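Below are the chains, spelled out letter by letter.
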Amino acid sequence: MLIRTLATLECTKLLTANRFARLACAKDGQPYIVPLYYAHSDNHLYAFSMLGKKIDWMRSNPLVSVQVDERGPGRSWKSVVVDGRYEELPDRVGHKLQRDHAWALLSRHADWWE
Ligand SMILES: Cc1cc2nc3c(=O)[nH]c(=O)nc-3n(C[C@H](O)[C@H](O)[C@H](O)COP(=O)(O)OP(=O)(O)OC[C@H]3O[C@@H](n4cnc5c(N)ncnc54)[C@H](O)[C@@H]3O)c2cc1C
């Protein structure tokens, strides 16, 4: 198997071309990973979520990892892991522009997570 490191631009293209990821967060030394849909724009990954375990955990520890992969022909594949920081866009003054931007990106797909 031949493995090579993707250039930054290739990583960005892969993140933009896809919308399904696995989000990992951690609390008290315990990892937690779930599948979710995202949208990539301007160095940010946007996602929609109801309240639940992952939101609780990311509120207490905002350090997260997101993994996205793409299968090519035959046995080829590409995979990107992004380390980042969870940030909420609450429905309050000061977040409207970013919220509207996220909403516009995510709602481009008819089957996005509701
Ligand atoms: C293709 C796909 C796309 C999805 N897109 C989104 C999205 O865009 N936004 C979004 O919020 N959610 C999405 N989900 C659902 C997501 O994976 C979580 O199941 C959901 O968000 C609930 O997560 P939670 O941490 O709030 O769980 P809670 O409802 O708080 O769940 C509590 C417990 O349920 C179990 N559990 C929760 N989720 C899963 C799971 N996926 N698989 C196995 N066990 C689980 C775990 O044991 C967890 O401890 C998607 C799922 C799939 C399969």
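Because the structure is a prediction, the values reported are computed rather than measured.

> Tell me what's going on with the overall build of the chain, and back it up with residues and numbers.
When helices and strands are counted, the chain shows 3 helices and 6 strands. Within the chain, residue pairs in contact and separated by at least 24 positions form 51% of the contacts whose partners lie at least 6 positions apart. Roughly 8600 Å² of accessible area belongs to the chain as shown, and the carbon and sulfur atoms make up 55% of that amount. For the chain, the centre of its 16 positive side-chain charges and the centre of its 13 negative side-chain charges are spaced 4 Å apart.

> Quick one: what's the story with a nonpolar patch on the surface, residue by residue and with numbers?
On the surface, a cluster of nonpolar side chains totalling about 440 Å² of accessible area is made up of Met-1, Ile-3 and Trp-77. If you trace the backbone, Ile-3 turns up in the segment before α1 (8–17).

> Can you break down the nonpolar core residue by residue, with the values?
Core analysis: the largest hydrophobic core is formed by 18 residues, its most contacted members being Leu-23, Met-58, Val-64, Val-68 and Val-80. When contributions to this core are tallied by element, the ones reaching two or more residues are α1, β1 (20–27), β2 (30–37), α2 (53–60) and β5 (63–71). Those residues in contact with Val-80 that lie beyond four places of it in its chain are Leu-6, Cys-11, Leu-14, Leu-15, Val-66, Gln-67 and Val-68. Listed in part, the 6 residues of the second largest apolar core include Ala-39, Leu-89, Ala-102 and Leu-105.

> Let's hear about helix α3 (residues 96–106): which residues, and what values?
Taken together, the buried positions of α3 are Ala-102, Leu-105 and Leu-106. Buried residues in α3, looked at end-on, bunch into an arc of 90°, giving them a common side. Exposed and facing more than 90 degrees away from the buried side of α3 are Lys-96, Leu-97 and Trp-103. Buried residues belonging to α3 abut β3 (39–41) and β4 (44–46).

> Before we move on, can you summarise the site of the ligand with the specific residues and values?
The local shell around the ligand holds 12 residues, among which Tyr-32, Pro-35, Phe-48, Lys-53 and Lys-54 are the closest. Interatomic distance of 3.1 Å between a backbone N/O atom of Tyr-37 and an oxygen atom of the ligand. One nitrogen or oxygen atom from the main chain of Phe-48 is found 2.7 Å from a nitrogen atom belonging to the ligand. The fraction of the free accessible surface of the ligand (880 Å²) that becomes covered by protein chains is 56%.

> Outline the pattern of salt bridges, listing residues and values.
Applying the stated criterion across every chain, the model contains 4 salt bridges. For Arg-59, the salt bridge is made with Glu-88, and the minimal N-O distance between the two is 2.6 Å. Of this pair, Arg-59 sits in helix α2 while Glu-88 sits in the loop between β6 (77–85) and α3, placing them 29 residues apart in sequence.

> Before we move on, can you summarise α2 with the specific residues and values?
Within α2 the residues assigned to the buried category are Lys-54, Ile-55, Trp-57 and Met-58. Considered in projection along α2, the buried side chains sweep an arc of 165° and stay on one side of the axis. Those residues of α2 that are buried lie in contact with β1, β2 and β5.

Reading the values: the criteria
Residues numbered from 1 in each chain as written. Predicted model: local features only at pLDDT ≥ 70, side-chain atom pairs only at ≥ 80, totals over all residues. Heavy atoms only, no water. Helix = DSSP H or I, 4+ residues; strand = E, 2+ residues; numbered from the N terminus. Contact = heavy atoms within 4.5 Å. Areas by Shrake-Rupley, 256 points an atom, 1.4 Å probe, with all protein chains shown as cover. Lys, Arg positive; Asp, Glu negative; His and termini not counted. Charge placed at Lys NZ, Arg CZ, Asp CG, Glu CD. Patch = residues over 30% accessible without salt bridge, like charges linked within 9 Å, V, L, I, M, F, W, Y side chains within 5 Å. Salt bridge = Lys/Arg side-chain N within 4 Å of Asp/Glu carboxyl O. Core = buried A, V, L, I, M, F, W, Y, C linked by side-chain atoms within 4.5 Å. Buried < 20%, exposed > 50% of the residue type's maximum accessible area, 1.4 Å probe, protein only. Arc of directions from axis to C-beta. Near = heavy atom within 4 Å. Polar contact = N/O pair within 3.5 Å; in protein donor to acceptor, adjacent residues only side chain to side chain.

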